[in-house]
Amino acid sequence: MTRYLSHRRQHRPLIDRLLDALVGDPLVARTHRFGHGDDGHDTDGDADDVLAQFREQARDLHERVVHDHGVFAVEFLGATGGGKTTLVERLLERAPDEERIGVVVGDVAGDDDASRFRSHGVAVANVTTGKECHLDPGLLEDAIDEFDLGSLDRLYVENVGNMVCPADFPLGAQARVLVVSTTEGDDVVRKHPLLFEACDAAVVNKVDIADAVGADVATMREDVAEVAPDMPVFETNARADEGVDALADFLAEVRTSGHHHAHAHHD
Amino acid sequence: MHELSVAEAILDRAREAADDYGASGVEALTVELGTATHVNPDQLRFCIETVAETRDLADAAVSIETVEPEAACDCGWEGEPPSFDGTAGAVPSARCPECGSQTEFTRGKECRLASIEVPDEAAGTAPET
Ligand SMILES: [Zn+2]
């Protein structure tokens with residue numbers, strides 16, 4: 001199936017082409033203008049839109065992991081040093097013995113985080129992204145091929161520490177949890193509104209040192225409420241395991257209801 | 001910086017389209033880039049040109065057209081989304097200015113290969129002036 005418009009000069013008589021040349025119409029001969037999605041509302045599936053292609057891939061992955069294999073998939077994203085790894089460790093500690101968990105860790109280099117997770121006795125796949133600043137659905141798919149999906153109950157994906165790129169690359173998880181910390185400053189929400197909009201829940205970590213670093217958690221909450229009105233916000237001190245229960249409860253709720261539908265996705 | 005992977009995908013697509021067309025090369029390509037993405041237009045152009053060098057597409061002239069966002073809400077509102085206050089640059093909000101709910105972007109999230117120009121081989125001699 002081809003979607004290209006046909007070559008507008010292909011079947012035209014020679015005289016027309018000469019006239020075109022004389023009036024200086026396209027010197028560079030042929031132009032393909034690719035077709036737009038018809039209604040402009042659903043451009044996903046548009047083969048010429050590379051971001052839409054990634055979103056489509058994420059949906060396929062969601063279909064396979066969540067629906068075909070019944071795995072509950074949660075993605076964690078946020079800047080390096082914000083506490084994603086510690087937070088996921090706290091969640092692993094809460095898991096019942098019989099629950100089989102896989103963790104995928106995206107890292108630009110090294111596998112320090114992966115070893116931390118391995119010590120919790122879960123299956124771990126480390127994705128060293130190298131030049132890439134984010135996981136994409138293809139990289140995640142390769143990573144989960146290391147697991148026996150059929151025997152997994154839950155999948156945690158820790159994205160590469162980056163507050164920009166992952167927004168354009170959904171991974172098909174049932175919940176995207178954005179972890180920011182007070183050390184990033186209380187204007188972190190305003191600096192990254194599109195990333196907040198792309199996520200389902202926000203964690204403000206390191207609230208214990210908010211005063212010390214001059215961050216006002218209330219301001220962060222207000223900013224989240226403005227950017228993504230329905231987004232739940234959890235205040236945690238992951239290191240001391242404070243505030244994590246509420247996040248765990250939220251995830252349990254998402255799992256029960258199947259998806260997080262509190263707000264519309266724009267992907 | 002994910003412009004590199006986006007650039008690679010754009011060029012894959014351009015090559016594929018040129019092949020479908022039976023064209024040996026690509027002389028120009030245009031990308032439509034939504035401003036509600038995190039793809040930086042200057043970096044994208046740089047990455048496309050750099051990757052093109054390695055792919056026998058080095059001569060392709062790259063143009064990037066930015067696409068301003070449009071959004072629609074369940075309440076019936078449609079239009080250009082308002083910008084957040086206090087952000088660096090204009091960042092579109094996905095919050096409905098009428099009813100306050102979350103809207104869907106109908107434009108502005110794209111990064112698509114909009115057109116390519118290929119040499120006029122099939123039509124015989126390309127006119128030169
Ligand atoms: Zn509305």
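My aim in this report is to walk through the structure given alongside it, one point at a time. Since the structure is predicted, the reported quantities are computational estimates derived from the model, not experimental observations.

Quick notes on the packing of aromatic side chains
Residue and element names in this part refer to chain A. On inspection of all chains with the given rule, the structure shows 3 aromatic pairs over all chains. Centroid distance F54 to F169: 4.8 Å. Interplanar angle 70 degrees. Geometry classified as edge-to-face. Note that F54 is positioned in helix α2 (residues 50-68) and F169 in the loop between β5 (154-158) and β6 (175-181), a separation of 115 residues in sequence. One exposure class covers both F54 and F169, and it is buried. Centroid distance F234 to F250: 5.4 Å. Interplanar angle 50 degrees. Geometry classified as tilted. With F234 in strand β8 (residues 233-235) and F250 in helix α10 (residues 244-257), the pair connects residues that are 16 residues apart, well separated along the chain. Here F234 falls in the buried class, since its relative accessible area comes to 10%.

Describing the coordination of the zinc ion
Bound to the zinc ion are the protein donor atoms B:C73 (SG), B:C75 (SG), B:C96 (SG) and B:C99 (SG), situated 2.2 to 2.4 Å from the metal. B:C99 sits in the partly exposed class, given a relative accessible area of 42%.

Regarding the sheet that holds β6(A)
Residue and element names in this part refer to chain A. Taken in spatial order, the 7 strands of this open sheet run β4-β3-β5-β2-β6-β7-β8, and their pairing is parallel. Unpaired on one side and paired on the other, β4 (123-128) and β8 mark the two borders of the sheet. Strand-to-strand twist of the sheet, defined as the mean angle between neighbouring strand axes without regard to direction, takes the value 20 degrees. Strand direction decides the pairing type here: strand β2 (residues 72-77) and β6, joined by 4 bridges, are parallel. Bridging from a neighbouring strand, E75 pairs with R176 of β6. Across the sheet, helix α9 (residues 217-227) touches β6, β7 (201-205) and β8, and the angle it forms with β8 is around 165 degrees.

With respect to the pattern of salt bridges
Side chains that differ in charge, positive against negative, can pair when their charged atoms come close. All names here are of chain A. According to the stated counting rule, one finds 22 salt bridges over all chains in the structure shown. E56 is the salt-bridge partner of R59, the closest N and O atoms lying 3.8 Å from each other. Of this pair, R59 and E56 both sit in helix α2, 3 residues apart, which is roughly one turn of the helix. A salt bridge links D153 to R100, with the shortest nitrogen-to-oxygen separation between them at 3.2 Å. Here D153, found in the loop between α5 (137-144) and β5, pairs with R100, found in the loop between α3 (84-94) and β3 (101-107); they are 53 residues apart in sequence, far enough to count as distant. On the basis of relative accessible area, R100 is assigned to the partly exposed category, the value being 43%.

Comments concerning unusual backbone geometry
Residues and elements named next belong to chain A. The phi torsion at D241 lies on the positive side, around 60 degrees, for a residue other than glycine. By the secondary structure assignment, D241 is in the loop between β8 and α10. Among the residues examined, D241 registers a relative accessible area of 31% and is labelled partly exposed.

What counts as what
- Residues numbered from 1 in each chain as written.
- Chains lettered and ligands numbered in written order.
- Predicted model: local features only at pLDDT ≥ 70, side-chain atom pairs only at ≥ 80, totals over all residues.
- Heavy atoms only, no water.
- Phe/Tyr/Trp six-rings, centres within 6.5 Å; stacked < 30°, edge-to-face > 60°.
- Helix = DSSP H or I, 4+ residues; strand = E, 2+ residues; numbered from the N terminus.
- Buried < 20%, exposed > 50% of the residue type's maximum accessible area, 1.4 Å probe, protein only.
- Donors = N, O, S within 2.8 Å, 3.2 Å for Na, K, Ca; no water.
- Pairing = 2+ DSSP bridges.
- Axes fitted to C-alpha atoms, helices over the stretch in contact; angles between N-to-C directions.
- Contact = heavy atoms within 4.5 Å.
- Salt bridge = Lys/Arg side-chain N within 4 Å of Asp/Glu carboxyl O.

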